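Residues per chain are reported as follows:
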Amino acid sequence: MTISEKTFGSSNNSAPSLFFSLIVPGLGQFLQKRRERGLLIFLTTIILVLLIQWSLKNQGIGKVSIGDITTSWLWLPLIMFWIWNVLDARAFVANRTFTLLPGILFAAIIIYVIAWQVTGIKLGRLVERFNDARIVATNLLNPDVITISVQGQDKICAWKCLYSYISDKLAGRPTEGVIRLSKNLLDILGAVKPVPASRWRVGLDLAEPVSKVNTFVAGKMIETIAMGLMATLFSTILALPVSFLAARNIMSRFSGGTAIYYGMRGILNVVRAIDTIVWGLIVIVWVGLGGFAGVIALTIHSVAALGKLFSEEIEHIDPGPVEALTATGANLIQTIRYAVIPQIVPSFLAYSLLRWDINMRSATVIGFVAGGGIGFFVVETTRMGGYQQYATALWVVAIVIILVDYISAKWREAILRDQPQRDESNRRTTLNTLRLAFYGILGLVAFIYCWNLTEISIRSLLHPGKNFGQLILDFVSIDLTPKVLQVVIQQMLVTIFQAMLATTLGALVALPFSFLAAKNLMGRNQLSTWLYYLARGVLNILRSIEALLYVVIFVFWVGIGPFAGMLALAVTSFALIGKLFSEAIENIDEGPIEAVTAAGANRMQIIAYAVLPQIVPPFVSYLIYQWDINVRMATIIGFAGGGGIGLTLTTFFGSLQYHKAGTVVAIIVVVVALMDFASAKLRQALI
């Protein structure tokens, strides 16, 4: 596809523009009043030069020897990019349009060659270690859910064993043994166990002080759910006042408010750029390992994310009620109470439910560093080689996240749906009052249960660990020595390349798959309907599991390093991009499809001439969006052996080099902020 630009008035003399573009790429376009394009070409050239030089010096990528001269063959596509830049400037001078594709192609060759080498992609490992992958796949498909006792010996009863058992039962034949739920599944979901009597039981004379009573002990998945719920509740409450401080239309109404606005926005952006896993590393020094540390880490990140969303919603309210109340002499508090809050309640509730969905996913992996929850369970089982036990955790996580996603989506839809005005003349019935009271009591019981389950302790919160103060001091005293910066920047580049390759691979696989997951294209007959539901199911299951959990699988298959991390990111990218692509296809205009179908076009012609022209712009936007997400995710996959900056960070933390860890976090914040800004600008320019 050719991407064209609007033409501008030509100059009487084209020589200066062409000369300037030859000397400084992009300068000719800049002088032709194509400032954004010229600046983009100039910055791209600088980046490509630095990458080629860095990759040759540090990695030997593209190295060739010509006589006594050692150089890189990657300079050749850079020269071609330079020539394209001159031709592009010449086209503008002559009032002609010119395609961006050659420039994109030459730059992509350089970047992808370097990314492939830096990330350590070795496709041969996928074949050489296929037997290892088959072992993992077999274990994943046969989770440790049922235990069968045969002659006093317990063993895992996989699907084949379970099928035989059920067949024998139905046929009236003697079974091989006795089956029951496995200890592994009960550890995940919870079980009734004898535990020392609690204080309230003893206080009510329901148990002896030293006795044990049968009590339900929550499993790791229940603890994970509690962590997600408590973090969402705390972050929603804390984000409310923060969001008003970060709303320009509110803070600009009094002296000094603008400074507070910029300060709060800066804090939210920095906190949001640091992943929950990184916050977990810091928090465990504060309150120690456990579910409480996970709740705090999730809450810190969620406050920043919700604060940004809430503040943007406040900035987009109807200013009419605010101006009307201000004109009557209302103060700031009264204006917020009666003019702002009534407009934002539905959106705030919807965002909180969305955050609950996100927090549940994050809670499944926070245990990798903070302890507690299903993440800690995964770490322990994989260390012992228990991949069937790990498989059970994956399946449970997938089911729970899919349910949470469904419930959250339905509740958000109900909240945001236009509701008819209530008839205030109808008094609340006794039944409604009792229903609200029941929900209130149920919520209070759930809150107390989750509080105790996650072991939230105000005392621990107010009395941090002895080394916490020193950690913070070392953390902010970042190490900017050349040796440390070289290591951190190199690993950050690996992380960025991981994200880029994962996005590309995920998108290439998702593109054809997304057509199978689009209902408007697949609901024509029974076979296509089944394919649609199968495709949607695959996307939902894969999307429900965090990349950090996939890394464990690929480390076993291809070994520790960036390659494993890239493959894990590619799986999550495939699932998310496939869902977004399929929804974009479902939202297209049906008119062209009907017209082409009426003309007798087959399925491939319908897609080529009626579907593709409509979906290219949103597809490009989603790709950029996914790359932005993957850069954030790639910063933490190293915690499970996925290489990149995450591995560097965990190494510094593990060796108590907090000043170097602070350097890593600072670089992450800068890169994520730049990626966020660049991706927003690219989506704005291309769509």
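Rules used in this analysis
Residues numbered from 1 in each chain as written. Predicted model: local features only at pLDDT ≥ 70, side-chain atom pairs only at ≥ 80, totals over all residues. Heavy atoms only, no water. Helix = DSSP H or I, 4+ residues; strand = E, 2+ residues; numbered from the N terminus. Rg over C-alpha atoms; globule rule 2.2 N^0.38 Å. Buried < 20%, exposed > 50% of the residue type's maximum accessible area, 1.4 Å probe, protein only. Contact = heavy atoms within 4.5 Å. Areas by Shrake-Rupley, 256 points an atom, 1.4 Å probe, with all protein chains shown as cover. Lys, Arg positive; Asp, Glu negative; His and termini not counted. Charge placed at Lys NZ, Arg CZ, Asp CG, Glu CD. Polar contact = N/O pair within 3.5 Å; in protein donor to acceptor, adjacent residues only side chain to side chain. Core = buried A, V, L, I, M, F, W, Y, C linked by side-chain atoms within 4.5 Å. Pairing = 2+ DSSP bridges. Axes fitted to C-alpha atoms, helices over the stretch in contact; angles between N-to-C directions. Disulfide = S-S within 2.5 Å. Salt bridge = Lys/Arg side-chain N within 4 Å of Asp/Glu carboxyl O. pLDDT = per-residue confidence, 0-100. 1 Å grid on protein atoms, 1.4 Å probe; cavity = no way out; pocket = protein on both sides within 12 Å on 5 of 7 lines; lining within 4 Å. Points joined across faces, edges and corners; volume = space filled by probe spheres on them. Nonpolar A, V, L, I, M, F, W, Y, C, P; charged D, E, K, R; others polar.

Caption draft 1: Molecular detail of the overall build of the protein chain. From N to C terminus, the protein chain includes 31 helices and seven strands. Whereas a compact globule of 687 residues would reach a radius of gyration of roughly 26 Å, the protein chain reaches 29 Å, a difference of no more than 12%. Taking the principal axes of its C-alpha atoms as reference, the protein chain extends roughly 100 × 75 × 70 Å. Within the protein chain, buried positions represent 45% of all 687 residues. Partitioning the intrachain contacts of the protein chain with sequence separation of at least 6 by distance along the chain shows that 75% fall at a separation of at least 24. Surface accessibility of the protein chain: about 35,900 Å² in total, with carbon and sulfur atoms responsible for 65%. Across the protein chain, the centroid of the 53 positively charged side chains sits 3 Å from that of the 38 negatively charged ones.

Caption draft 2: Spatial organisation of the side chain of Asn359. Mapped onto the elements of the fold, Asn359 is located in helix 17 (residues 332-370). With a relative accessible area of 0%, Asn359 lands in the buried category. A distance of 3.0 Å separates polar atoms of two side chains, one belonging to Asn359 and the other to Thr232. Residues contacting Asn359, with those up to four places away along its chain left out, are Gly228, Ala231, Thr232, Ser235, Leu298 and Ser302.

Caption draft 3: A look at the nonpolar core. One finds Ile114, Phe368, Tyr390, Leu548, Leu549 and Leu649 to be the most contacted residues of the largest nonpolar core, which totals 129 residues. Examining the composition of this core, we find that eleven residues originate from one element, helix 19 (residues 387-416), more than from any other. Not counting residues up to four positions away in its chain, the partners in contact with Leu548 are Ile277, Val365, Phe368, Ile636, Ile637, Phe639 and Ala640. Membership of the second largest hydrophobic core comes to 24 residues, among which are Ala518, Ile593, Ile606 and Ala610.

Caption draft 4: Geometry of the sheet that holds strand 4 (residues 153-156). On the basis of which strands lie adjacent, the open sheet formed by three strands has the order 4-3-5 and antiparallel pairing. At either end of the open sheet lies a strand with only one pairing partner, and these are strand 4 and strand 5 (178-181). On average, adjacent strands in this sheet sit at an angle of 30° to one another, irrespective of strand direction. Sheet analysis places strand 3 (residues 146-150) next to strand 4, joined by four bridges and oriented antiparallel. Paired with Val150 across the strands is Gln153, a residue of strand 4.

Caption draft 5: Main features of the state of the cysteines. According to the stated counting rule, one finds one disulfide in the structure shown. Covalently, Cys157 is tied to Cys161 through a disulfide, its sulfur atoms 2.1 Å apart. On the sign convention where negative means left-handed, the S-S torsion of about -100° between Cys157 and Cys161 marks this disulfide as left-handed. Cys161 carries the same exposure label as Cys157, and that label is buried.

Caption draft 6: Focus on the environment of Ile166. By the secondary structure assignment, Ile166 is in helix 8 (residues 159-171). Sequence separation of Ile166 and Thr433 is 267 residues, and the distance between their C-alpha atoms is 48 Å.

Caption draft 7: Broad picture of the pairing of strand 2 (residues 69-72). The sheet contact formed by strand 1 (residues 63-66) and strand 2 spans four bridges and is antiparallel. Counted as the bridge partner of Ile66 is Ile69 from strand 2.

Caption draft 8: Region of interest: the pattern of salt bridges. All chains considered together, the criterion is met by 17 salt bridges. We note a salt bridge from Asp88 to Arg37, for which the minimum N-O separation is 2.8 Å. Taken together, the residues Asp88 in helix 4 (residues 75-93) and Arg37 in helix 3 (residues 35-58) connect sequence positions 51 residues apart. Residue classification places Asp88 among the buried positions, given a relative accessible area of 0%.

Caption draft 9: Molecular detail of the confidence of the model for the protein chain. Per-residue confidence for the protein chain averages 84 on the pLDDT scale, and 94% of its residues sit at or above 70. Per-residue pLDDT stays below 50 along residues 1-13; that stretch engages in 28 contacts with residues further than four places along the chain or on separate chains. Long-range and interchain partners of residues 420-426, a stretch whose pLDDT sits below 50, account for zero contacts in this model, where long-range means more than four residues apart.

Caption draft 10: Examining the environment of Val127 more closely. With respect to the helices and strands, the residue Val127 is situated in helix 6 (residues 124-128). Overall, Val127 belongs to the exposed group, its relative accessible area being 64%. Measuring from C-alpha to C-alpha, the distance between Val127 and Ile114 comes to 23 Å, with 13 residues separating the pair along the chain.

Caption draft 11: Here's a closer look at the layout of surface pockets. Its volume calculated, the second largest pocket comes out at about 2,000 Å³. Along its surface, the second largest pocket is lined by 50 residues, and Leu354, Ile358, Leu576, Tyr625 and Ile629 are the ones closest to its centre. Residue composition of the lining of the second largest pocket, grouped by class: 23 nonpolar, seven polar and 20 charged.

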